[in-house]
Amino acid sequence: MYYDYYVYYLSYLSSLYNGYPVIVRITVVMVVLFALIALFGMCRLLFTGYRLNKAARRKDEMMKEYADKLRFIMNSAINYDVEELEELLEVDQIKNRSWTFDLFTDLILEVRDALEQKQALNLINYKNCLEAMKLMPFWEKRLRTSVIMVRKNALQTIGLLNNGLNTGLISKSVFHKNKHLRKAARNVHTDLDSYNPFRFMEDNFDESFTQLDKIRLHATLVKRYNEGKLPNLLRWINNSKNSNYISFIIHEIGFFDQYEAYATLLEMLDKQENRDVRMQLIKTLGTLGITDSIPYLTARYALESTAIRETIIKTLGVLRGEEALQFLLDTYAHTYDDHLKIVIARSIIKYGKEGDENLIRLQDEAKDQEKVIIRQVFAEQLIVKA
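Residues numbered from 1 in each chain as written. Predicted model: local features only at pLDDT ≥ 70, side-chain atom pairs only at ≥ 80, totals over all residues. Heavy atoms only, no water.

### Observations regarding the overall build of the protein
The secondary structure content of the protein amounts to 18 helices and zero strands. By the compact-globule yardstick of 21 Å for 386 residues, the protein is too spread out, its C-alpha radius of gyration being 32 Å. In terms of overall dimensions, the protein has C-alpha extents of about 105 × 75 × 45 Å along its principal axes. Considering the protein as a whole, with its 386 residues, one finds that 42% of them fall into the buried category. The contacts of the protein with a sequence gap of at least 6 include a subset with a gap of at least 24, amounting to 65%. Carbon and sulfur atoms form 56% of the exposed surface of the protein, whose accessible area is close to 23300 Å². Between the mean site of the 52 positive side-chain charges and the mean site of the 50 negative ones, the protein shows a separation of 7 Å. (Helix = DSSP H or I, 4+ residues; strand = E, 2+ residues; numbered from the N terminus. Rg over C-alpha atoms; globule rule 2.2 N^0.38 Å. Buried < 20%, exposed > 50% of the residue type's maximum accessible area, 1.4 Å probe, protein only. Contact = heavy atoms within 4.5 Å. Areas by Shrake-Rupley, 256 points an atom, 1.4 Å probe, with all protein chains shown as cover. Lys, Arg positive; Asp, Glu negative; His and termini not counted. Charge placed at Lys NZ, Arg CZ, Asp CG, Glu CD.)

Structural data, given as structure tokens:
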């Protein structure tokens, strides 16, 4: 009975719809489509808000129940066993769900970072907390999944937890065809592996070395340096043909004050043809404060391109020395490029009182246009001091 009723009205609406002009029918279809999209969007918005509120409530409840306990344990001078921590944290009452492990991970990292800033972290208790709450097995299990985003997130979390690494678990990820997963795995390997951590740095780290890779790898090298486990970085330059990677390693040599690389850097400056690498070599010599390189840099100045000349001038401003200052003054006198004059003047002013006196002398001797250049440099110095 009801079926015939529905069929009747459906046929009626269909015939009514077909009786309208084409433009009206198209309009009706679009209105209905947009109404469905708007309804779907509102439902999704409400659902997302519900999930966010629910997650916030869960986090607040966990903070109230466990934050003070974890802060006390990880700040305590007493070392607790895993069994004692399981009893203190009442681990057997915790729900064994994925969101629970996610929240516990965020909470323990938040407490750890706060205590590390105060230099009050008990590392043994921190690692025992990870074991008591079974966080490492949970994230290691996620490494075995085939979903790339889940594996990548698990890799990054294991790197943040900084509690060692089973390299067998990431053996597939370090050679994965997905470059983002592959790079994340190689970075974690370099960060946490204790047997051969710099395995991938001998091969350009990755075939495509990006700015994000530089940030990640720099953070890893800083950690290794603080642990006293950073080798001579020159060993990774000779086997590489990636100029971007070579420039990064040369920059890190300067950052970590590896003065023993000085002679090799000068040799590379003779042999290296890539402009960006040559510029980084010169900058690193300045960062290391190698004043013995001043005669070499001044001798090469006339042979170099404009970009490298500017780098030499800036480096001479960092290195300082009577020979370097005299070279800058002579170069300024024989230069007709206003932009280069500004660069030279900025280097001269870095020589302190002596540099100021020479710039004032140059200003007195200069034409009106050149006086504007020197005034600009003095004005920049005042802004920096302010």
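### Here's the deal with the nonpolar core
Of all hydrophobic cores here, the largest spans 56 residues; its most connected members are I249, I253, L265 and L359. In this view, L265 contacts L234, I250, I253, L281, T284, L285 and L288; residues no more than four positions away in its chain are not counted. (Core = buried A, V, L, I, M, F, W, Y, C linked by side-chain atoms within 4.5 Å.)

### Topic: the packing of aromatic side chains
Within the structure shown, the criterion is met by six aromatic pairs. Here the aromatic rings of Y225 and F256 are separated by 5.1 Å at their centres, their planes lie at 40 degrees, and the arrangement is tilted. Placement of Y225 in helix 9 (residues 211-226) and of F256 in the loop between helix 10 (243-255) and helix 11 (262-271) is noted, with a sequence separation of 31 residues between them. The positively charged end of R58 is found above the aromatic ring belonging to W99, 3.9 Å away from the centroid. One residue, K341, lies across the ring of Y332, its end atom 4.1 Å from the ring centre. (Phe/Tyr/Trp six-rings, centres within 6.5 Å; stacked < 30°, edge-to-face > 60°. Lys NZ or Arg CZ within 6 Å of the ring centre and 35° of its normal.)

Shape is all these values report; function is a separate question.
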